[in-house]
Amino acid sequence: MNRIHKLVVLAIFLLVAIANSNAQEVDFTFQDPSMSIEDRVDNLVSQMTLDEKISQLTNSATSLPRFDIPEYDWWNEALHGVARNGKATIFPQGIGLGATFDPELAKRVASAISTEARAKYIISQSMGNRSKYAGLTFWTPNVNIFRDARWGRGQETYGEDPFLMSKIGVAFVQGLQGENPSYLKTAACAKHFAVHSGPEELRHSFNVSPSKQDLYETYLPAFKALVTEAKVEGVMTAYNAVYGEPASASTFLIQDILRNTWEFDGYITSDCGAIGGITSGHDFVKTRTEAAALALKAGTNLNCGATYKLLNKAVEEGLVTEELITERTKQLFKTRFRLGMLDEAADNPYRNISPDKIHCDEHVKLAREVAQKSIVLLKNRNNTLPLSKDIKIPYVTGPFANSADMLIGSYYGVSSNLVTILEGIADAVSLGSSLNYRSGALPFQANINPKNWAPHVAAESDVTICVVGLTADKEGEEVDAIASSDIGDKRDLKLPENQINYIKQLIEYKKGPLVVVVASGSPISLEEVEEDCDAIVQIWYPGEQGGNAVADVLFGDISPSGHLPITFPKNVDQLPPYEDYSMKGRTYKYMTKEPMYPFGFGLTYSKTEISNLKLNSKQLKKDMVLNAEVDIKNSGNYDIDEVVQVYISPKDTTGGLPITSLKAFKRISLKKGEHKTISFTIAPDQLKIVDTEGNKVWRKGEYQVIVGNSSPGKLSETLGAATAQKVGIQLK
């Protein structure tokens, strides 16, 4: 052996010796699942170097070979199905789930999503795929209030009401995270904290200073419910600033509210690029190093982005300490231990979920059920619907009648089973029906060819079903809505002009009734054509089974049962300025103008009668529960689901009080002719109001308890809602 060979062998020997020495120095006690998570985290993180800890504070956490810890990317999506990660069941978009008014259903959906996520994670790990979107930390749900109908991302939320948002959101988190006392099934994340709902174009730079009343009455309740009731594992901060502090560096939001008041014990992540935006968007500090230090000190554990890679420099400059980095790192490993990522515990029930659960028949059936229950019947003149399956000449038309893209909304997965409206109707009608189809109109621009026979087909048809609306290309997140001239938002609430003109042509030529099916993630104004439409159906972005679900409703296999989770204004002129975050004039709670369709509204094919409202007391003191009992009867000819809603309205709304507020709701099934007595319990805390200082207080005075199947008001009953029952109460 020559001298060079000897040196090479010696070098290899030394490297192996050093590696073995390092490996022996590691205390692997943290792998013991019988220890408390706190002890395991302390044991692991205390052994890390500063560089190793910093490497774990960005979404793309590097591997730690000496601890046998693989790389992990925290960025994963599951808004309405496992998203951006291959084959998965695509459920209706979030706003559609809100329209079901069904928390139990929301929990079932989220449980199906987390089951598929676990099965996919097991496969991904086995093949060494640890890329973005292949993990178990899901950045969903979006519980920002849909305060303005122009917001393109409103489709991701469950609507405009904080109570409805809380109930659906809590159930969704519970379904994602599972019920095992030792392990999370997946980790949910409440976003975007806080006071964040557009404009998309300004989201990286605007500052919001809401009144304390609006903050605690409207913008924070859903986040509070997810943290304190659902024990959500993650919270994502928003891009914008609140009261002058960028949300990712807000000690008020993160320390005062999340950690100290709500006692949140999960991880906090920035939105992607938001920490860098502390300098580039907000000009709050001069350097990215300062931005990293500021966010870390405020309490943001995880940086979606790369700014935290400058924390070494921040330590050198004395902006942060290694001790603080240690504390922020520990919180992240709590989540990974809770997910069972770093041990082989046999008692983890989520380690062996079979791949046959991915896009299984059960989940596809559930997607169809959710879509059915999300569809809102807005108009049904002369009982146009349901249609007979034996109709001789049905005509299906419109730019989205045969669109698979329309079904999926934003943040979606991939399915081999997308059922368009045309396909669903084709499967539903008789084989003897002369079903015809033409698209008739381009979605977002005028037809290029001036010749168009499509409107004339309506003159030969027994019914014309026209599918119009938007897609996530037109409304959505700023970087995805490629057909939006307003960076993902809407300038007005109208359909694209070409679609309006096409509906007008159909109205001119039609022989039979015109059924307009509207697909969108937000309110659409039909002012110019509503009067001449015989039936109007709002389907949102209904997921992979949308076509079947729409056909189920149109042809009477299912009575429509969705209710609007957001007010549909007549036009954009009814809205306050988009940039104004005051709730005055917004949502059903504060809007004084008459909308086109009210919050909570939705027709069925039957008739609901509400009667005999009884309360346990008409005079309540601070510690008294309000119990309400009411009779509900289906006096029509169809089996239905109905959503019974309880509102409380103060006689005196001075001091910024809402005109009315949803306090309880129940979705019930009623056979034709069936009668049920249902009860509601409203806790004393729900009877308190939020004053101008943001405090929840017991305000004495007169109130009305209103029970109906839509929000209170003459318009609801004019449009066909049941006559509401009202009883006065006094808070003493």
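Definitions and limits used
- Residues numbered from 1 in each chain as written.
- Predicted model: local features only at pLDDT ≥ 70, side-chain atom pairs only at ≥ 80, totals over all residues.
- Heavy atoms only, no water.
- Patch = residues over 30% accessible without salt bridge, like charges linked within 9 Å, V, L, I, M, F, W, Y side chains within 5 Å.
- Areas by Shrake-Rupley, 256 points an atom, 1.4 Å probe, with all protein chains shown as cover.
- Salt bridge = Lys/Arg side-chain N within 4 Å of Asp/Glu carboxyl O.
- Lys, Arg positive; Asp, Glu negative; His and termini not counted.
- Charge placed at Lys NZ, Arg CZ, Asp CG, Glu CD.
- Helix = DSSP H or I, 4+ residues; strand = E, 2+ residues; numbered from the N terminus.
- Phe/Tyr/Trp six-rings, centres within 6.5 Å; stacked < 30°, edge-to-face > 60°.
- Buried < 20%, exposed > 50% of the residue type's maximum accessible area, 1.4 Å probe, protein only.
- Pairing = 2+ DSSP bridges.
- Right-handed = clockwise from strand over helix to strand, strands pointing away.
- Axes fitted to C-alpha atoms, helices over the stretch in contact; angles between N-to-C directions.
- Parallel < 35°, antiparallel > 145°, perpendicular 65-115°, else oblique.
- Left-handed = near helix turned anticlockwise from the far one by under 90°.
- Contact = heavy atoms within 4.5 Å.
- Nonpolar A, V, L, I, M, F, W, Y, C, P; charged D, E, K, R; others polar.
- Disulfide = S-S within 2.5 Å.

**Considerations on a positive patch on the surface**
Thought 1: There is a patch of like positive charges on the surface, built from Lys-621, Lys-622, Lys-700 and Lys-732.
Thought 2: For Lys-732, the location among the structural elements is in the segment after β24 (725–731).

**Topic: the packing of aromatic side chains**
Thought 1: Scanning the model with the defined rule gives 23 aromatic pairs in all.
Thought 2: With 6.2 Å between their ring centres and 65° between their planes, Phe-30 and Phe-67 make a pair best called edge-to-face. In this pair, Phe-30 is assigned in the loop between α1 (3–25) and α2 (37–45) and Phe-67 in the loop between β1 (60–61) and β2 (72–73), connecting sequence segments 37 residues apart. Pair check on accessibility: Phe-30 and Phe-67 agree, each one buried.
Thought 3: Geometrically, the ring pair formed by Trp-540 and Phe-568 is edge-to-face, given 6.1 Å between the ring centres and 85° between the ring planes. Separated by 28 residues along the polypeptide, Trp-540 in the loop between β14 (535–538) and α18 (546–554) and Phe-568 in the loop between α18 and α19 (587–590) bring together distant segments of the chain.

**So, the pairing of strand β10 (residues 394–397)**
Thought 1: Neither face of β10 is exposed, since Pro-394 and Val-396 on one face and Tyr-395 and Thr-397 on the opposite face are all buried.
Thought 2: The sheet contact formed by β10 and strand β11 (residues 436–438) spans 3 bridges and is parallel. Following the sheet pairing, Tyr-395 is matched in β11 by Asn-436.
Thought 3: The handedness of the β10 to β11 crossover, carried by helix α15 (residues 421–428), is right-handed.

**What about the packing of helix α5 (residues 103–126) against helix α14 (residues 361–374)?**
Thought 1: Here α5 crosses α14 at 150°, and the two axes come no closer than 11 Å. As judged from the angle between their axes, α5 and α14 are roughly antiparallel. Relative to α14, the crossing made by α5 is left-handed. Counted together, Leu-105, Arg-108, Val-109, Ala-112, Thr-115 and Glu-116 of α5 and His-363, Leu-366, Glu-369, Val-370 and Lys-373 of α14 form the full contact between these two elements.
Thought 2: The residue makeup of the contact of α5 with α14, split by class, is 5 nonpolar, 2 polar and 4 charged.

**Re the state of the cysteines**
Thought 1: According to the stated counting rule, one finds 1 disulfide in the structure shown.
Thought 2: Here Cys-272 pairs with Cys-304 through a disulfide, and the sulfurs are 2.1 Å apart. The sign of the S-S torsion, about 80°, decides the handedness of the disulfide formed by Cys-272 and Cys-304: right-handed. Taken as a pair, Cys-272 in the loop between β8 (267–269) and α10 (277–280) and Cys-304 in the loop between α11 (288–298) and α12 (311–316) lie far apart in primary sequence, 32 residues in all.

**Thoughts on the sheet that holds strand β15 (residues 608–615)**
Thought 1: What the 3 strands build is an open sheet, ordered β15-β17-β20; its pairing is antiparallel. Looking at which strands have only one partner, the edges of the open sheet turn out to be β15 and β20 (675–682). The average angle at which neighbouring strand axes cross in this sheet is 25°, direction not considered.
Thought 2: By the bridge criterion, 8 bridges tie strand β17 (residues 626–634) to β20 in an arrangement that is antiparallel. Its bridge partner being in β20, Ala-628 is matched across the sheet by Phe-680.

These figures capture arrangement, not role.
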